[in-house]
Amino acid sequence: MKIAIAGATGQLGQLVIDALLARGADPAQLIALGRSEEKLAPLAGKGIETRVADYNVEAGLVSALEGVDKLLLISGSEVGQRITQHENVIQAAQRVNVSLIAYTSVANALTGNMKLAQEHVATEQLLAGSGIDYVLLRNGWYTENYTDQLMGYLNSGVVLGAAGDGRISAAPRADYAEAAAAILLSEENEAGKIYELGGDKSFTLSQLAGAVGAAAGQEVAYQDVEPEQLVTIYTESGVPAQFAEILVDTDLRVREGALEINSSDLSRLIGRSTTSLGKAIKDVLAK
Ligand code: NAP
């Protein structure tokens, strides 16, 4: 049984490989796919076969997927180009008879109305029309989307957002990676399953600010900002305009519950509680 991970060189992909190995996968069973030979090299060092595969190049994808039984398709990072890219991967998988594709979609893909979800919804539709068995890992927000900004929160004393009292069921990448590994190694028939994955305990951005302040022993407050103003703040800090709009749209949809997940799929798959926001913050502060 050969398991390939597309997007293996990314942050989630590397954690998936670690989680697969920790769960007893034989390195000889794994194939790491990435577009950069240089980034693949450390994975080869773990005894894993590596193959170069760019989501933009279907012919290369076909040879890269030769002999693969299960494929984890980690959604690409080039927002706006991902439908064509994912279609290339799915078509290549059809050509070589991959038996199962696990796709990292987004939480509440069909109901959350987030602009960010549009390419994921389109990919889910491509999978449905492909004739290949597939399983959807609808990942919620990464806790790192916030903890990566910890120093900014502490320096300014504020968390800025436009999410009001909307709740976010975030979990660290490592938790989602463990879930992906569990599904890839599962002996159950995963075809047709949809997992809504998120942290056990949701939080508001006010609670995020409170948790950061409490962990660091200083005052940090949440400040809700007008959407247009938040777009300007993001673009002035270097976020590309189109992506700034998407981020602010996400906050507005969070108000309506787009990133709140009321399933316990993630903790069930990983066999433990998801990593709490407080622990994630403490881990970053300890570094
Ligand atoms: P990441 O570190 O940016 O990794 C993205 C992976 O996709 C990398 O391996 C990257 O390759 C690969 N990739 C991008 N374009 C490609 C192409 N044209 N051909 C082949 N590979 C390509 O992101 P991550 O943190 O691991 O997250 C995984 C995915 O989750 C992201 O790509 C995005 O779709 C989604 N995401 C989710 C959240 C969330 O909060 N749930 C947040 C951000 C993103 P390189 O290493 O060569 O760049």
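Read on for a plain summary of the structure. (Residues numbered from 1 in each chain as written. Predicted model: local features only at pLDDT ≥ 70, side-chain atom pairs only at ≥ 80, totals over all residues. Heavy atoms only, no water.)

Description of the overall build of the chain
No. 1: When its secondary structure is counted, the chain shows 13 helices and nine strands.
No. 2: In terms of overall dimensions, the chain is globule-like: its C-alpha atoms have a radius of gyration of 19 Å, near the 19 Å expected for 287 residues.
No. 3: Along the three orthogonal principal directions, the C-alpha set of the chain runs to about 55 × 35 × 35 Å.
No. 4: Contacts spanning at least 24 positions in sequence make up 76% of the contacts within the chain whose residues lie at least 6 apart.
No. 5: The distance from the centre of the 22 positive side-chain charges to the centre of the 36 negative ones in the chain is 4 Å. (Helix = DSSP H or I, 4+ residues; strand = E, 2+ residues; numbered from the N terminus. Rg over C-alpha atoms; globule rule 2.2 N^0.38 Å. Contact = heavy atoms within 4.5 Å. Lys, Arg positive; Asp, Glu negative; His and termini not counted. Charge placed at Lys NZ, Arg CZ, Asp CG, Glu CD.)

Some remarks on the packing of aromatic side chains
No. 1: Following the criterion strictly, the structure yields two aromatic pairs and no others.
No. 2: For the ring pair Y142 and Y176, a centre distance of 5.8 Å and an interplane angle of 50 degrees mean the geometry is tilted. Within this pair, whereas Y142 is found in the loop between β6 (133-139) and α6 (144-147), its partner Y176 is found in helix α8 (residues 173-185), the two being separated by 34 residues in sequence. The exposure classification of Y142 matches that of Y176, with both residues buried.
No. 3: For the pair Y146 and F203, a centre-to-centre distance of 5.9 Å together with 75 degrees between the ring planes defines the contact as edge-to-face. Of this pair, Y146 sits in helix α6 while F203 sits in the loop between β8 (194-197) and α9 (205-216), and the two are 57 residues apart along the sequence. (Phe/Tyr/Trp six-rings, centres within 6.5 Å; stacked < 30°, edge-to-face > 60°. Buried < 20%, exposed > 50% of the residue type's maximum accessible area, 1.4 Å probe, protein only.)

Some words on the sheet that holds strand β2 (residues 30-34)
No. 1: Across the sheet, which stays open at both edges, the seven strands sit in the order β3-β2-β1-β4-β5-β6-β8 with parallel pairing between neighbours. Edge positions in the open sheet fall to β3 (49-52) and β8, since each of these has one partner strand only. Ignoring strand direction, the axes of neighbouring strands in this sheet form an average angle of 20 degrees.
No. 2: Taken together, the four bridges between strand β1 (residues 3-6) and strand β4 (residues 70-73) define a ladder with parallel strand orientation. Looking at β4, one finds that A6 is bridged to L73.
No. 3: Packed on one face of the sheet, helix α4 (residues 82-95) meets β4 and β5 (100-106) and runs near 180 degrees to β4.
No. 4: Sheet contacts for helix α5 (residues 118-130): β5 and β6; angle to β5, the most-contacted strand, approximately 160 degrees. (Pairing = 2+ DSSP bridges. Axes fitted to C-alpha atoms, helices over the stretch in contact; angles between N-to-C directions.)

Some details on the packing of helix α1 (residues 11-22) against α8
No. 1: Two numbers describe how α1 lies on α8: the axes approach to 8 Å, and their chain directions differ by 55 degrees. Relative to α8, α1 is oriented oblique. Taken as a pair, α1 and α8 cross one another with a handedness that is right-handed. Contact with α1, carried on its side by Q11, L12, L15, V16, A19 and L20, involves R173, A174, Y176, A177, E178, A180, A181, L184 and L185 of α8 and no other residues of that element. (Parallel < 35°, antiparallel > 145°, perpendicular 65-115°, else oblique. Left-handed = near helix turned anticlockwise from the far one by under 90°.)

Considering the site of the ligand
No. 1: Taken together, 23 residues lie around the ligand, and T9, L12, Y55, S75 and R173 are the ones closest in.
No. 2: The separation between an oxygen atom of the ligand and a polar main-chain atom of Q11 is 2.9 Å.
No. 3: One of the side-chain nitrogen or oxygen atoms of R82 is found 3.0 Å away from an oxygen atom of the ligand.
No. 4: When the free accessible area of the ligand is taken as 880 Å², the share hidden by the protein chains comes to 85%.
No. 5: Of all elements in the fold, only α1 and α4 reach the threshold of two or more residues within the shell around the ligand. (Near = heavy atom within 4 Å. Polar contact = N/O pair within 3.5 Å; in protein donor to acceptor, adjacent residues only side chain to side chain. Areas by Shrake-Rupley, 256 points an atom, 1.4 Å probe, with all protein chains shown as cover.)

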